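Structural characterization, general
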Amino acid sequence: MPSVIREPFAAIQVGYLGPSGTYSEETALRLCEKTVCELKPYTTIDSVIRAVATGEITEGIVPIENSIEGSVNITLDVLAHDVELVIVSEFVLPIRHALLTKGGEKKIDCIISHPQPLAQCRNYIARHYPKARLEAVESTAKAAQLVAEGAPGLAAIGSLRAAEIHGLTMIDNDIQDCNNNRTRFILLKQKTSQAIEEQGQYKTSIVCKMNGERPGSLCELLLEFSRRDVNLSKIESRPARTSLGEYIFFFDIEGGIHEAHVRQAIQAVRERSLWLKNLGSYPCFVL
Ligand SMILES: O=C(O)C(=O)C[C@]1(C(=O)O)C=C[C@@H](O)C=C1
């Protein structure tokens, strides 16, 4: 199977975090299985998102949340502050990390990976390589590339697919701190009138900055959902970037914008907010 589908005249160009061998690429390949599209690697997650925003590519696939380490902050921050894009679908990928070296050596001085996998394998590293230096790079495949090009004593944390692509040897597998490790990816597009099929379970993502913070403000905002029987599947706060201690809130709402109670709850929350961005309604991922 080619690692990148190259269709020079494809109307859909999907950007992902490269180089070849990342979990993001694996997700992009699965998502694009049935479509003719050109897959384009980028060196960072934010450059993928920004390339969709400028129209350089039509779609971008980026990680947003992991079951061990939580939110991918760069994705949340760029979506909230820097671009006007919508989420059109989500995909959940099981993540199984391996420890990879060039010649199968087990004497390791330095472990290289993306910050998320380094955190997802924190206990394993502390138990087996407490003295190893940790080095964070842009992606797991970039780490594999560096190990392949570097001196002995370097190890990468990444997938078996990355090992195969970059010619590394797996010295330990399934090293993530929890077995059921999963990362949720989202597919982003520019804002157009979103087609909703009105079938199946939908999810809507929003981000807002509350208007005023007095005792009970967040509780009153949450009541707008509960009063309308709208369930939330995720709440996350991030710095508002206005002042220390000021936050913005991300909500994942069960239901689509085509459902009246969801629309009304969002409108009520908008009225309690300084600003609110609708990040899109999209079908829930089902395994
Ligand atoms: O480095 C990669 O392989 C990626 O696709 C990035 C990423 C992430 O940012 O969370 C994706 C899934 C895994 O959780 C680990 C790393």
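Residues numbered from 1 in each chain as written. Predicted model: local features only at pLDDT ≥ 70, side-chain atom pairs only at ≥ 80, totals over all residues. Heavy atoms only, no water.

Concerning the UniProt feature "site: Essential for prephenate dehydratase activity" (unreviewed entry) in the chain
UniProt records the feature "site: Essential for prephenate dehydratase activity" (unreviewed entry) for Thr 183 in the present numbering. Locating Thr 183 in the fold gives a position in strand S11 (residues 182-190). Thr 183 sits in the buried class, given a relative accessible area of 7%. Within the structure, Thr 183 has its side chain in polar contact with the side chain of Asn 66 (distance 2.9 Å). (UniProt positions renumbered as here; feature names shortened; annotations may be inferred. Helix = DSSP H or I, 4+ residues; strand = E, 2+ residues; numbered from the N terminus. Buried < 20%, exposed > 50% of the residue type's maximum accessible area, 1.4 Å probe, protein only. Polar contact = N/O pair within 3.5 Å; in protein donor to acceptor, adjacent residues only side chain to side chain.)

A word on the nonpolar core
Proteins that are soluble and globular tend to have nonpolar side chains buried together. By size, the foremost hydrophobic cluster in this structure holds 26 residues, and its most contacted members are Ile 49, Val 62, Leu 79, Ile 186, Leu 188 and Phe 250. Within the residue set of this core, elements represented by two or more residues are helix H2 (45-54), strand S3 (59-66), helix H3 (73-81), strand S5 (85-94), S11, strand S14 (247-254) and strand S15 (273-283). A per-element tally of this core places H2 first, with 5 residues. If sequence neighbours within four positions are ignored, Phe 250 has contacts with Leu 76, Ala 80, Ile 206, Val 207, Lys 234, Ile 235, Glu 236, Arg 238 and Leu 279. (Core = buried A, V, L, I, M, F, W, Y, C linked by side-chain atoms within 4.5 Å. Contact = heavy atoms within 4.5 Å.)

Some words on the pattern of salt bridges
Inspection of the entire model under this criterion finds 24 salt bridges. Between Arg 184 and Glu 90 there is a salt bridge; the shortest N-O distance is 2.7 Å. Linking Arg 184 in strand S11 with Glu 90 in strand S5, this pair joins segments that are 94 residues apart in sequence. Of the two residues, Arg 184 and Glu 90, both sit in the buried class. (Salt bridge = Lys/Arg side-chain N within 4 Å of Asp/Glu carboxyl O.)

Examining the sheet that holds strand S9 (residues 154-158)
Hydrogen bonding along the main chain pairs the strands of a sheet, whether they run parallel or antiparallel. With mixed pairing, the 5 strands of this open sheet are ordered in space as S8-S7-S9-S6-S10. Looking at strand neighbours, the two that pair on one side only are strand S8 (133-136) and strand S10 (169-173), the edges of this open sheet. Direction aside, neighbouring strands of the sheet carry axes that sit 30° apart on average. When strand S7 (residues 110-113) meets S8, the two strands line up parallel, connected through 4 bridges. Following the sheet pairing, Ser 113 is matched in S8 by Ala 136. Where helix H6 (residues 140-149) meets the sheet, it contacts strand S6 (98-101), S7 and S9, and its direction lies at approximately 155° from that of S9. (Pairing = 2+ DSSP bridges. Axes fitted to C-alpha atoms, helices over the stretch in contact; angles between N-to-C directions.)

A few points about helix H8 (residues 217-227)
Residue pairs three or four apart in sequence face the same way in an α-helix, which turns once every 3.6 residues. Every buried residue belonging to H8 is among Ser 217, Leu 221, Glu 224 and Phe 225, and all of these are buried. Down the axis of H8, the buried side of the element spans an arc of 95°, and every buried residue falls inside it. The inward-facing, buried residues of H8 abut strand S12 (202-210), strand S13 (232-239), S14, helix H9 (260-271) and S15. Immediately beyond the C-terminal end of H8, within one or two residues, lies Asp 229, with a positive phi of roughly 60°. (Arc of directions from axis to C-beta.)

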